[in-house]
Protein chains: 2
Amino acid sequence: MSNYKVEKIFPKEVDLNKWYTSVLKAANLISYSLVKGCFFIEPNAIAIWDQIKKHMNASFTKLKAQNVYFPLLIPSSLFLKEKKMLASFQKESYQIDFLNKKKLEFPLYLRPTSEALFMYYFGLKLLRSKNMPIILNQWCSVYRYELNTRPFLRSCEILWQEMHALFATKIKNRQFVKKVLNVYKNFLEKICLLPTIVGKKTNFEKFQGAKSTYTTEVVLSDGKVLQCATSHDFENHFAKIFNLKAFDSFNKTFFPFSSSMGLSTRILGAIILNHGDNNGLKIPSKLAVHKIIIISVISKKEVIDYIKKLKLKLRIFNPICDISKNYFGKKITKAEIEGFPIRIEVGLKEVKNNQISIVTRNDLKRVFLKNDNNIVINLRSILKQFDQSLYIDAQKKQKKFFYKLNSFQEYKKIILEKNIVALVPFCLTIKCEEQIKEETMSTSRCIPLKQEKLLMNQKCFRCQKKAKKYVYFSKSY
Amino acid sequence: MSNYKVEKIFPKEVDLNKWYTSVLKAANLISYSLVKGCFFIEPNAIAIWDQIKKHMNASFTKLKAQNVYFPLLIPSSLFLKEKKMLASFQKESYQIDFLNKKKLEFPLYLRPTSEALFMYYFGLKLLRSKNMPIILNQWCSVYRYELNTRPFLRSCEILWQEMHALFATKIKNRQFVKKVLNVYKNFLEKICLLPTIVGKKTNFEKFQGAKSTYTTEVVLSDGKVLQCATSHDFENHFAKIFNLKAFDSFNKTFFPFSSSMGLSTRILGAIILNHGDNNGLKIPSKLAVHKIIIISVISKKEVIDYIKKLKLKLRIFNPICDISKNYFGKKITKAEIEGFPIRIEVGLKEVKNNQISIVTRNDLKRVFLKNDNNIVINLRSILKQFDQSLYIDAQKKQKKFFYKLNSFQEYKKIILEKNIVALVPFCLTIKCEEQIKEETMSTSRCIPLKQEKLLMNQKCFRCQKKAKKYVYFSKSY
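Treat the numbers as computed from the prediction; the structure is a model and nothing was measured.

**Student:** An account of the nonpolar core is requested, with residue identities and associated values reported.
**Tutor:** Ranked by size, the top nonpolar core spans 292 residues in total, and within it A:Val23, A:Cys192, A:Ala270, B:Val23, B:Cys192 and B:Ala270 carry the most contacts. Discounting chain neighbours no more than four positions away, the residues touching B:Cys192 are B:Phe187, B:Ile267, B:Ile271, B:Pro284 and B:Leu287.

Structural data, given as C-alpha cells:
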C-alpha cells in the first residue's frame, strides 16, 4: 500500500521488542489479525519470502528435489501412529472434531509437520532401491498452537518449506541430511548475510523421533539465539512405525531410510532483527526485489524524463521509482524504512551534470556517480560492498556475545545477568542438561561439527564428569 | 518419482471418468489421501501449477497487484457478519471448536474464501482516495466440504489465487473487474490453449453478495462446462457490512468499492481433460517446465555424449534427458504419458548423420531435423505449431456441443439425451431459471458480453415473456 503516513520507529538501543514491533508496522511487513499468533503478512514481507523461495528452489533443484503439495488435514489415525515425535505435537495441534454436524471418529489435525503424510504417500508407491532416492519438497503453512507469539519468531501459523527424502541406505540418507544442512548454512551466510552456528543437536534438544537433528542457528541482536533451519535424520524409525517397505536389487524387502529438512519465515525475523537500525530495514541485495529506489527531488519534466531513462538503463536492478509529489523528506524516510540497498536521488543538479546522487542503506553515506557507460558496473560493485558491510556488521554485533567458559559458576553468573553464547566442554547427558536448563533458563544450541580437540581428561563444565564435546549454550527464542 | 512401472491408460472414448482417473495416476499428477476430497498433488501437477503462477504473477504485476499472505483461520464473529454470501458458506466450512481443550466462544473457520479478512485488513489502514486503488493478491488454499469430489474439478482443499481490490469509485472498480476477466480469458486461450466462454453470470448463478459476477468457462470433452475463473464486483456492499470507510479529497468519509477475482487448480482439470488423449497428457508449451525430452535409443558412449551436447545447445527449452538403460519402448510410453510437447530420440543413426529425430506430442508424427545452427529456430517454430494444433483441436472438439436454440422443448429433449451448450434467448428472471434447472438439471453459464442483437419482440425460450439477452445454458461441473 503506497501510504505516505510515515510511521515512527522506536529506538533499537532502548527496547529491542518495541523497535521490532515498530519496524514491522512502519515497513509494511505485518499487521495483527483477530486470531492470536496468526498474522497478516504484508507485501514487503512476502516479497522477501518470495525471493527466499526462488533461491531455495534453485538449490533444491540441484539436489534433484521435486515440489509437491500434500493435504493440510491429517486424520488422527495416521498422525498418532508415531508416539515419540508426532504424538507430542497433539497438545499444540488445531483439530477439527465435527464435519457436517457429525462427530468424526478420527479428528482431523491441521498439519504441524507432515512426516506422517509423506510416509503414507511413499507407501502408495512401489519402492525399489534402484529408483531411490525420492526427494520431495513442499512450500506450505503449518499450524502449532502457542501462547506466547511474536511475528515471524514464534507464530501459530508458520510458512515454511519441508523436504522429505527416502534413501536405500543409512549412509546416503545421513550424507543428504548434512548436504542440506550445508545448503541452509550457505544460504543464511551468503544470501541473508547472517553468520551462523551450525552443528548437531544434543539428545536433550533433538526431535524425539529423530536419530540425529542438525541445526543452523543465528545469534540475534539481543544475544538470544534463533533456530533458523533444521535437518532430521530418522534412519528407518519412521519406515518401521509406518510399516513402509522397499525392494532391494534381490527383490528382498527392507525398511528404507528417511529424513526431513525445513526452513521457515523465522528467517525473516532474523534478517529484520540483525540488519535493521533506527531508520528501518536493511534488505540484503539478493533478497531485495528492487535493489534500487530512484527518488525525484523535485517534480519537473526534465527530472522525470531523466528518471525514466535511468530506470531503463538500470533495469537489471529492477529499480522502483518514487516520482510522487509528496515531500522529498517523507519519500526518503519511507525508502530508508523499507530498506532498499541503494537510493538514487535525482534533482535538477543531477540532470544538469548528468550524474546521480547515491545513498547506500548500510551507512547512509552519499556518493555521486557519473551517468556514463560504467554506471551498471559501478552500481554492481556498490551493491557488493553493501552486502559485505551487512555481513561484517552482523559479525561484529554477534562477536561480543561469544564466550568460551569452563566453569558453570561463571556461566551461571553471566547468563543470569545478560544474554551470551558460551562454548563449553559438556558431558552430553540429558540429566545434566535438564539441570542446566532449570538453573539458568538456557539450553544447548548445538554441538559444532568442527570441534576443537578436548584436553585429556577435560571435565564437563557443570557435572565435572568426563566431557565429550564442546557445546554452545545460550538463551533462545 | 522416476518409476518405470508404466501404468495403463483407459480408452477416453469408452469412459471419460475412468480415462481421467487413469491419466491422473499414470502421469504422476494425483494420489488419494485418507481424507476424502483432499489429494496428494504430485510433482508433475505442481510443476504445471508453478508455471501457471509464474504467468499469472507477471500479469498481476502489470495490474500493480501486490502479493500477501493472510491467515487461514477466520473467527466466526468476523466471518458471519456478511449474511448473503459468506454465511452461506457456513454449512460447507471446516471449523475448529476447541483450542487447548477449551470451547471457543467464536469457532475458527478454515477460509473458504477471504473477503471478510481483506475487509478487516483494509479497516486497519488509513484509507484515502488518493492512495487507491489497493490491489492485493494471495496464493493459498481454501477449504470447502463437499460430498462428491474429483481431483482438480471439485475438491475440499483447493489451491487458488484470490485477488482483492479496493477502489474509490464504482466505475473504476467495475472496469478493474472486467480487466482481470480479460487477463483470465487471455491466459486460458493463449497459454492454456483452451477456447473460453466469457460473460456475466445471471442473478440466479452469481455470488449472492456480489453486485455482478463475471466468469470465464471452458467446455470440456464431454460437453459439460467448467467454471475456471471468476471476478466479482461487490460495489460498496462489503464496505457497508464491515463499516469500512475511506476519506475523499475533501476529507469526507465514504464507503469504498471492492472486488475479488480468483482462479484455481480446476484449470489443471480443464487442461488434462481437453488436451489429453489415449497416450496421456499434452502440456501446452508455455506451461511445460521441460518443453523437450531427449531420449537415448541405445546406451552407447557416442549417443550419450551427443545428447549431452544437444542438451546444452537446446537449453532455452530446458530439456530433460532420459538416458537410462530401461527399454526404449517404456521410455517413449512414459514421455507420451507425461505430455512433453516435443520428444527427441537419439540413436547411432542420428549421431552418424548429425541429425535428430523428433516426435511432436500433438499428432505423434515424426520428422528429422539437421543438428545445425538453425535447430533452435526450427524447434521454436515446431513448438508454435504444436500450440496452434492444441488450440484448434480443442476448438473442433468443442464445436459439436454448441447449439443455438429458440425452443425449450427442443432444448430439453436434447439436453436430457446428451450434453450440449445452447445459446438461447432468455428473460433473465430467477424464477424461470429455477424451473429450467429443475426440469433439465442444467443451468445458465453466462450472458456473453458480446451479444447478437435480439429480434424485436424476441421471446424467452422457456417462459415466452420478453427475452432480455442471449444466454448460454449447459450442464456443468
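**Student:** Can you explain helix H13 (residues 430-440) of chain A? Please cite residues and give values.
**Tutor:** Residue and element names in this part refer to chain A. For H13, every residue scored as buried is listed here: Cys432, Glu433 and Ile436. An end-on view of H13 places all buried positions within 95 degrees of arc, on one side of the element. For H13, the exposed residues lying more than 90 degrees away from the buried face are Ile430, Lys431, Glu434 and Glu438. On its buried face, H13 is in contact with strand S22 (443-448) and strand S23 (469-474).

**Student:** Let's hear about unusual backbone geometry: which residues, and what values?
**Tutor:** A cis amide bond links A:Met132 with the next residue in sequence, A:Pro133, at an omega value of 5 degrees. Among the structural elements, A:Pro133 can be located in the loop between helix H4 (115-123) and strand S7 (134-143). One non-glycine residue with positive phi stands out, namely A:Asn457, at about 60 degrees. Along the polypeptide, A:Asn457 turns up in the loop between S22 and S23. For B:Leu428, which is not glycine, the phi torsion reads 75 degrees and is therefore positive. Counting through the fold element by element, B:Leu428 comes out in the loop between strand S21 (421-426) and helix H13 (430-440). The class of B:Leu428 is partly exposed, set by 17 C-beta atoms lying within 10 Å.

**Student:** Tell me about the sheet that holds strand S9 (residues 197-200) of chain A, and name the residues and values.
**Tutor:** All names here are of chain A. As summarised here, the arrangement of the eleven strands in space is S3-S7-S8-S14-S11-S10-S9-S22-S23-S21-S20, forming an open sheet in which the pairing is mixed. Each having just a single partner strand, strand S3 (66-67) and strand S20 (402-404) make up the two edges of the open sheet. One ladder, built from five bridges, connects strand S21 (residues 421-426) with S23; its direction is antiparallel. Residue Val424 lies in a different strand from S23, and its bridge partner there is Val471. The strands touched by H4 are S7, strand S8 (157-167) and strand S14 (257-264); relative to S8, the strand with the most contacts, the crossing angle is about 35 degrees.

**Student:** Can you break down the interface of chain B and chain A residue by residue, with the values?
**Tutor:** Size of an interface: often given as the accessible area lost when the parts come together. Counting residues at the interface gives 45 residues for chain B, matched by 45 residues for chain A. The element that contributes the greatest number of residues to the side of chain B that touches chain A is strand S5 (residues 95-99) of chain B, accounting for five residues. Broken down by class, the residue content of the side of chain B that touches chain A amounts to 29 nonpolar, ten polar and six charged.

**Student:** Before we move on, can you summarise the packing of helix H2 (residues 43-62) of chain B against helix H5 (residues 170-191) of chain B with the specific residues and values?
**Tutor:** All names here are of chain B. Interhelical geometry of H2 versus H5 gives an angle of 145 degrees and a closest axis separation of 11 Å. Note on packing geometry: the crossing formed by H2 with H5 is right-handed. Counted together, His55, Met56 and Ser59 of H2 and Val183, Phe187 and Ile191 of H5 form the full contact between these two elements.

**Student:** How would you explain the relation of the copies chain B and chain A if you had to name every residue and give the values?
**Tutor:** There are two copies of the chain, and a rotation about an axis plus a shift along that axis relates them. After a rotation of 180 degrees and a shift along the axis of 0.0 Å, chain B superposes on chain A with an RMSD of 0.0 Å. As the rotation angle and translation indicate, the two copies are arranged about a two-fold axis. For chain B, the smallest separation between a C-alpha atom and the rotation axis is recorded for B:Ile96, amounting to 2.6 Å.

**Student:** Let's hear about the domain arrangement of chain A: which residues, and what values?
**Tutor:** All names here are of chain A. Under the domain assignment used here, chain A contains domain 1 (65-275), domain 2 (285-398) and domain 3 (402-474). Computed from C-alpha coordinates alone, the two centres of domain 1 and domain 3 are separated by 28 Å. Opposite the 16 residues of domain 1 that make contact, domain 3 presents 18 residues. Residue assignment for the side of domain 1 that touches domain 3 shows that the elements contributing at least two residues are S9 and strand S10 (212-219). For the side of domain 1 that touches domain 3, the element with the most residues is S9, which contributes four residues. Of the residues assigned to the side of domain 1 that touches domain 3, the class counts are five nonpolar, five polar and six charged.

**Student:** Describe the sheet that holds strand S4 (residues 73-75) of chain A, with residues and values.
**Tutor:** Each strand in a sheet pairs with another by means of backbone hydrogen bonds, the pair being arranged parallel or else antiparallel. Residues and elements named next belong to chain A. If you walk across this open sheet you meet the three strands as S4-S6-S5, and the pairing is antiparallel. Only two strands of the sheet have a single neighbouring strand rather than two, namely S4 and strand S5 (95-99). Averaged over all neighbouring strand pairs, the angle between strand axes comes to 40 degrees, with direction disregarded. One ladder, built from three bridges, connects S4 with strand S6 (residues 102-110); its direction is antiparallel. The residue of S6 that forms the bridge with Ile74 is Tyr109.

**Student:** Hey, could you go over the pairing of strand S22 (residues 443-448) of chain B for me, with residue numbers and the actual values?
**Tutor:** All names here are of chain B. Pairing analysis gives two bridges linking strand S9 (residues 197-200) to S22, with the strands arranged antiparallel. The residue of S22 that forms the bridge with Gly199 is Pro448. Summarising the sheet, S22 and strand S23 (residues 469-474) pair through three bridges and their orientation is antiparallel. Paired with Thr443 across the strands is Ser474, a residue of S23.

**Student:** Break down the environment of A:Met119 for me, with residues and values.
**Tutor:** All names here are of chain A. Looking at where Met119 falls in the secondary structure, it is placed in helix H4. Here Met119 falls in the buried class, since 23 other C-beta atoms lie within 10 Å of it. Sequence-distant contacts of Met119, defined by excluding residues within four places in its chain, comprise Phe238, Phe242 and Leu244.

**Student:** Describe the pairing of strand S11 (residues 225-235) of chain A, with residues and values.
**Tutor:** Two faces, one strand: in a regular strand the side chains alternate between the faces of the sheet. Residue and element names in this part refer to chain A. Burial of S11 is extensive: ten of the eleven residues sit out of reach of the surface. Pairing of S10 with S11 involves eight bridges; the strand directions are antiparallel. Across the sheet, residue Glu217 finds its bridge partner in S11, namely Gln227. The hairpin turn running from S10 into S11, its antiparallel successor, is five residues long, and Gly223 in that turn takes a positive phi close to 85 degrees. One ladder, built from six bridges, connects S11 with S14; its direction is antiparallel. Following the sheet pairing, Ser231 is matched in S14 by Met261.

Definitions and cut-offs
- Residues numbered from 1 in each chain as written.
- Chains lettered and ligands numbered in written order.
- Predicted model: local features only at pLDDT ≥ 70, side-chain atom pairs only at ≥ 80, totals over all residues.
- Core = buried A, V, L, I, M, F, W, Y, C linked by C-beta atoms within 7 Å.
- Buried ≥ 20, exposed ≤ 12 C-beta atoms within 10 Å, placed from the backbone.
- Contact = placed C-beta atoms within 7 Å.
- Helix = DSSP H or I, 4+ residues; strand = E, 2+ residues; numbered from the N terminus.
- Arc of directions from axis to C-beta.
- Pairing = 2+ DSSP bridges.
- Axes fitted to C-alpha atoms, helices over the stretch in contact; angles between N-to-C directions.
- Nonpolar A, V, L, I, M, F, W, Y, C, P; charged D, E, K, R; others polar.
- Left-handed = near helix turned anticlockwise from the far one by under 90°.
- Least-squares fit on C-alpha atoms with pLDDT ≥ 70 in both.
- Domains from an automatic or database assignment.

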